[in-house]
Each structure stands twice: as C-alpha cells, then as structure tokens.
Number of protein chains: 2
Amino acid sequence: MGKYAFGVDIGGTSVKLGLFNKAGNLLDKWEIPTRIENDGEAILPDTAESILNKIREQGINKEDIVGIGIGVPGPVDSKGTVYEAVNLGWSVLNIPKVFGGYLDLPVMAANDANMAAFGEMYQGGARGCTDLAAVTLGTGVGGGIIVNGHILTGACGAGGEIGHIHIEDEETQECGCKNKGCLEQYASATGIVRLAERRLKKNSDESMLRGKSISAKAVFDAVKEKDQVAIEIAGEFGEYLGKGLAAVAGVVNPEVFVIGGGVSNAGSILFDFIVPPFQKYAFENCRGAKFVLATLGNDAGIYGAAGLILNERSND
Amino acid sequence: MGKYAFGVDIGGTSVKLGLFNKAGNLLDKWEIPTRIENDGEAILPDTAESILNKIREQGINKEDIVGIGIGVPGPVDSKGTVYEAVNLGWSVLNIPKVFGGYLDLPVMAANDANMAAFGEMYQGGARGCTDLAAVTLGTGVGGGIIVNGHILTGACGAGGEIGHIHIEDEETQECGCKNKGCLEQYASATGIVRLAERRLKKNSDESMLRGKSISAKAVFDAVKEKDQVAIEIAGEFGEYLGKGLAAVAGVVNPEVFVIGGGVSNAGSILFDFIVPPFQKYAFENCRGAKFVLATLGNDAGIYGAAGLILNERSND
C-alpha cells in the first residue's frame, strides 16, 4: 500500500486540499480559488493541476499515492456521480471517471457534508465510533450519517439531509427549499437569529441583545452571561433541534451526534439546551446517544476525503 | 456452497420456520409454539430440535445447509446479541453463539422488523432495490431500514424504530413507550381507531362507521364507499404518516417505502392518503421515493432470515 493520500473539499469560493500520510495525519494543506465560470468546467482540471504541482514540489513518487478523495457540495451517489452541484454550475458528472482521467490515480467522491461526517469519525470528535450522525449548524443545517463505518449515501445522494425535516406546522415563512417549518429555519445560525428577532419583538423584556446586531454568537454569549431572554431563545433552538435529532435517532440509532459548524463555536453549553429535549422526545432505546463537538472545523472535509480513500484502498 | 437455508421468525406466541433452497424459494414452512415460561429458556432448544427433525424428515445432508437466520422481537446488535426481548422473557443473549452451539451450523440473528424489511427486498415488494424503508402498520408501527443492501442495525439495535418518532405536540394520551405524540399513535391499526373515535365524537356528521365496531379495516372499507367522515379520518392518518416518512426520507433517502402490516390489507388506496403529504413535507431530493405494498405478509420474516444467511455466506 502507498504512503500518501490527498483529500479535496470543493466549495463555492475555494477548493481546499490536503496531503495526508497513510496514518491519516495532515502533512500539508492549501487552497485554490474555485473558478465557477463556464459551468465550473475549470474546477476539476485546476484541482488536478494543483495536486500534480504538489506531487512534484514534494518529490513524491506517484506509486506511493493511495488515491484522492473529493467532497462536492451537492448530491453524490455511491458511484461518485454528482447530480447538480448548483453552486459550482455542474450538472451530472461522474467524478472518479473524469478526475481519474486527469491523474490516473484512484478517486472517490462523496457529498461534502458526508465527507465531513466521515472526517469526524476518522480523526475528529467521533474517533472510534462507527455509527454516528454529524450535524453542521452553519448558515443552514447540514448532516452526514455514518452507518457501520460507511457513509449513508441514500438512493440519490440525499442521505443525511436532515436540515429539511419538517418540525413546525405553524411556520409562515418559507425555508430556502420552499417548504415551511424545516429544522434549518430554527437550528441554523440564521434560524437562531430569526428566533431571537421574534422573541425580542414579543415584548419589551430587558436583554443585553437589544440594540445590538443579533447573531448566533451574540445569543450564546448572552446565555453565558445568564441573560434570561437569550436563555429562552436558546431553549427554543434546543427544543427544535433536540426534537429533530430524536427523529434522526429513531431512524438510524447513532452512537454519537457530532455537532459542528459556526454555531458549535458556542461550545458544550449548546448541549444543555439540546440534550434534555432530545432525551424527552427520543425512543427509549435510542436515548443513550452521546453528544460531542466536532473538532476538525473546516478541515473535516479534507480529513474525511483522505480517510475515505485510505480506508477503502487499505482493504485491497 | 450448500443447497438449503432455514429462516426462523420468533414471535411471542409461535415460532415460524421455513426451509428455503439457495435461490430463496420457500420449500416448506411450519410453526411451533413459543414456550415463554422460565424466561423463555426452551425457545431456542425447541427451535433447534424442530430444525433437526426437519433435516431428518427431508433426508437433507447437514453439509448442504448454508446456515440459519433468526429474527427476534427485540433490539439485536450487529453481532447478533439481543438486548431484552421482553415478550420472550429474554435478557442479554448472543444468538449465533447459543444457537450455533446446538446445531453446529452458521447462524445470523437480527431484529424481526429488520428481517422482514430484508425479506421484502430479497423476495418481496422491493425486490431489486438496495435502499429501502419497510414500514409495518399493525398493532404498532414497526420499521426496518436497508442501506446499500444491508440492514441498518444502529448502535444498539434500534435502527428503524420509526414508530416512536415524535409527530404531534398537542397529544394528551400516552403512547405505549410513555411519550406523547408518537407516529404509532396515529398510523397503526389502533391509532386509526383512535383517530376515528375522536372524529366521530367531534360532531354528528352522518357516516357508515357509526354504530359499528371501529377498526382500521372498517375505516378503509368506508373510504372505498366514499364515506366523507372515513375519508377525513384517512386523510388525518395519511398526513401524520406522510409527514413521518418525509422525516425518514430526509435521514436515509430510500429508493422505496414498502408498506406492510394489517393496515396495508386496505391496498394501494392507502397511497392516495400517504403520498401527497409525503411529497409536501419531504426535501426535494428525497421526494421521488416510490411507495409499494409488502407482498410477503407474515412470511417476510422467514424470507428475510433465510435471505440474510444466504447472502452473507454466498460471499464466502
């Protein structure tokens, strides 16, 4: 078996790349811009060239490279075919085939949220677990499910899309997906801001959040200062998220929930708000799921991508 | 590879057994009573004896037997350890180890609902699919998830326990699991009766359901006669179930939902009530899931159990 692998995480503004040894340690990481013009036709060639440059720069023998894992922002099926990555301008595209053609190396592709979940299992907050649900609380709510050590891809690459679980019948505003009452509308960074604005408008209770620009960070900072209004907002956030994750637990019964994304920078205080509703709503046999923070931050995707190809090819 | 396999489905009142050829055709099936006295200590020896008798009776060479699959009513982990099968009186027990000791043949065990899901994939309504969610609408709501052709067991054997997904905040009655507002309270046979009784009490609208003993069958029979009250009840049932299955789709993105259990005897008219709410609540990429009826009835468990061992050992 080879000595190195590359992990790639393609985003809408930049492509993150990492060189890993076969133990999964990150040796080097860098970024290139994502050129989305002309339906993103330059993205994969740019990425291939960047990897070739790194191979030359580091004086690596190509035979020592196990392969390349690539995370993509869109639904990717189990054969590595991506179906419409809107942010990149791509339509249907088989990544291992196209990218393998540039470099003549084994390539595996998966959805970026699923790659991040795999990364957290491989070298992050869920190391040692094989059944987990990773939840990314950022601008939206993303998710990735790992079952028995494998990414749950789903029939059309939408496995783990938990941000759009319907959670509130009374919602009047539309989610980005056009439905109303999706988990993402309450548990994402923007969802928390929405909850905060609604709560502050409800009455004139004193709060350090008033007169400030509201953000998820501001809410949880205020929670840490024991601001009662902020605690109510966090409680509402936790009620929605705990209820949503209880549904996830009833379906896949994970050992661990890994909570990441910008909102998770608030730290383990989040769990004070998520775990009690989770345990209230979860089916008894699923109630023991642990909650941990993601530890790899924005590098989870490249760790997962490298880990996926290293795991797969080590079975060869 | 051998020529035969046995499929076993252990229930609270009887143990169903089937002899299959290696193509998965059922050659013979029979039942023995489940002796639950003394913490169910006789159940596995009785089952082993029954299989040995069948082997003798049919003049089968033991070397021609691939193995035995066993479905158990309780959480079973990926190594075949069952944790408390309350209806059988069992506590923790590793089935392959214990049962293999009686017969000296390969044994695999799984939860009975998961086995039934596997059976519907193997020889039933979802033949040819590899990603599916089987939903059993009986006294309760059971479920089994198949991902990439494998049973989703979960961290503690509770994968697919979708009957206890929280779906209604306003519920005042307790579910059997002690929570309030579980899917099972609206989508099971007993749940449909509850919905019907509530609806009939609401006002005095004429309905052929009045003055009769209410059952799920009576409700759907009345639906077929275009009884407006029954159609409302079925609509409520479908709204709850469609919403619950949309959550399942957001987590595991199945290709197919297989609907079985007593309620499914109503036939494909069920889909008129389930599918529109499902599509309304499901995330776009998961909305294409097909709905089919289970076709194996009470035999799904033995088919799945035999199929599991045949599939596993054919990779040897």
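Residues numbered from 1 in each chain as written. Chains lettered and ligands numbered in written order. Predicted model: local features only at pLDDT ≥ 70, side-chain atom pairs only at ≥ 80, totals over all residues. Heavy atoms only, no water.

Engineer: How should I be thinking about the interface of chain B and chain A in this particular structure?
Structural biologist: Put simply, an interface is often sized by how much accessible area is lost when its parts join up. Listed as interface residues are 37 residues of chain B and, on the opposing side, 37 residues of chain A. Between chain B and chain A the total buried area reaches about 2,900 Å² when both faces are included, carbon and sulfur atoms providing 60% of it. Summed over the three residues of chain B that lose the most area to chain A, namely V251(B), N253(B) and F283(B), the buried surface amounts to 21% of that side. Taken together, the connections running from chain B to chain A amount to two salt bridges. One salt bridge connects K243(B) with D169(A), and the closest N-O pair in it is separated by 2.9 Å. The tally of links from chain B across to chain A stands at 18 residue pairs in polar contact (both at pLDDT 80 or more). Put simply, the parts of the chain that give the side of chain B that touches chain A at least two residues each are β9 (141-147), α8 (228-252) and α9 (269-281) of chain B. In terms of residue count, α8(B) provides more of the side of chain B that touches chain A than any other element does, six residues in total. For the side of chain B that touches chain A, the residue count by class is 19 nonpolar, 11 polar and seven charged. (Contact = heavy atoms within 4.5 Å. Buried area = accessible area lost by both parts, 1.4 Å probe. Salt bridge = Lys/Arg side-chain N within 4 Å of Asp/Glu carboxyl O. Polar contact = N/O pair within 3.5 Å; in protein donor to acceptor, adjacent residues only side chain to side chain. Helix = DSSP H or I, 4+ residues; strand = E, 2+ residues; numbered from the N terminus. Nonpolar A, V, L, I, M, F, W, Y, C, P; charged D, E, K, R; others polar.)

Engineer: What's the story with helix α8 (residues 228-252) of chain A in this structure? I'm lost.
Structural biologist: At 3.6 residues per turn, the α-helix brings residues three or four places apart onto the same side. Residue and element names in this part refer to chain A. Taking 1.5 Å of rise per residue, the 25 residues of α8 would be expected to cover 36 Å, and the 35 Å separating its terminal C-alpha atoms lies within 8% of that figure. In terms of residue burial, α8 counts as a mostly covered element, since 19 of its 25 residues are buried. Capping the start of α8, D227 holds a side-chain oxygen 3.2 Å from the backbone nitrogen of V229, two or three residues further along. Positive backbone phi, approximately 45 degrees, marks N253, located one or two places after α8. (Expected span 1.5 Å × (residues − 1). Buried < 20%, exposed > 50% of the residue type's maximum accessible area, 1.4 Å probe, protein only.)

Engineer: How do you make sense of the packing of helix α7 (residues 216-224) of chain A against α8(A) when you look at a structure like this?
Structural biologist: Two measures define how a pair of helices packs: the angle their axes make with one another and the distance between the axes. Residue and element names in this part refer to chain A. It is at 8 Å that the axes of α7 and α8 come closest, and there the two elements cross at 120 degrees. Taken together, the axes of α7 and α8 are oblique relative to one another. Between α7 and α8 lies a crossing of left-handed hand. Contacts between α7 and α8 pair V219, F220, A222 and V223 from the former with A230, I231, I233, A234 and F237 from the latter. Residue classes in the contact of α7 with α8 are distributed as nine nonpolar, no polar and no charged. (Axes fitted to C-alpha atoms, helices over the stretch in contact; angles between N-to-C directions. Parallel < 35°, antiparallel > 145°, perpendicular 65-115°, else oblique. Left-handed = near helix turned anticlockwise from the far one by under 90°.)

Engineer: Can you walk me through the relation of the copies chain B and chain A in this structure?
Structural biologist: Both copies of the chain are placed relative to one another by a rotation about an axis and a shift along it. Under the fitted operation, chain B is carried onto chain A by 0.0 Å of movement along the axis and a turn of 180 degrees, and the coordinates agree to an RMSD of 0.0 Å. Viewed as a symmetry operation, the transformation between the two copies matches a two-fold axis. When the interface residues of chain B are mapped onto chain A, 100% of them are again interface residues, pointing to one common binding face. (Least-squares fit on C-alpha atoms with pLDDT ≥ 70 in both.)

Engineer: Any chance you could explain the packing of aromatic side chains here in plain terms?
Structural biologist: Given two aromatic rings, one states the distance between the centres and the angle between the planes to describe the pair. Enumeration according to the criterion identifies 20 aromatic pairs over all chains in this entry. When the ring of F257(A) is compared with that of F278(A), the centres are 5.5 Å apart and the planes differ by 75 degrees; the resulting orientation is edge-to-face. Placement of the pair is F257(A) in strand β11 (residues 256-260) and F278(A) in helix α9 (residues 269-281), with a sequence separation of 21 residues. Relative to F237(B), the ring of F220(B) lies with its centre 5.7 Å away and its plane at 80 degrees, an arrangement referred to as edge-to-face. Here F237(B) lies in helix α8 and F220(B) lies in helix α7 (residues 216-224), a separation of 17 residues in the sequence. An aromatic cluster is present here, built from F257(A), F271(A), F278(A) and F291(A) joined pairwise through their rings. Over the ring of Y186(A) we find R194(A); its NZ or CZ atom is 5.4 Å from the centre of that ring. Over the face of the ring belonging to W30(B) we find K54(B), whose NZ or CZ atom lies 4.2 Å from the ring centre. (Phe/Tyr/Trp six-rings, centres within 6.5 Å; stacked < 30°, edge-to-face > 60°. Lys NZ or Arg CZ within 6 Å of the ring centre and 35° of its normal.)

Engineer: Mind showing me how you'd approach the sheet that holds strand β4 (residues 65-72) of chain A here?
Structural biologist: Sheet strands associate in pairs through backbone hydrogen bonding, adopting either a parallel or an antiparallel arrangement. All names here are of chain A. Sheet architecture is open: five strands sit in the order β3-β2-β1-β4-β7, paired in mixed fashion. If you trace the sheet from one side to the other, it starts and ends with β3 (26-33) and β7 (107-111), each paired once. Looking at each pair of strands side by side, their axes are set apart by 15 degrees on average, direction ignored. As paired strands, strand β1 (residues 4-10) and β4 are joined by six bridges and run parallel to one another. Residue pairing across strands places F6 opposite I68, the latter belonging to β4. (Pairing = 2+ DSSP bridges.)

Engineer: What's the story with the side chain of S50(B) in this structure? I'm lost.
Structural biologist: Along the chain, S50(B) falls in helix α2 (residues 43-57). When sequence neighbours within four positions are dropped, the list of residues in contact with S50(B) reads L17(B), W30(B) and I32(B).

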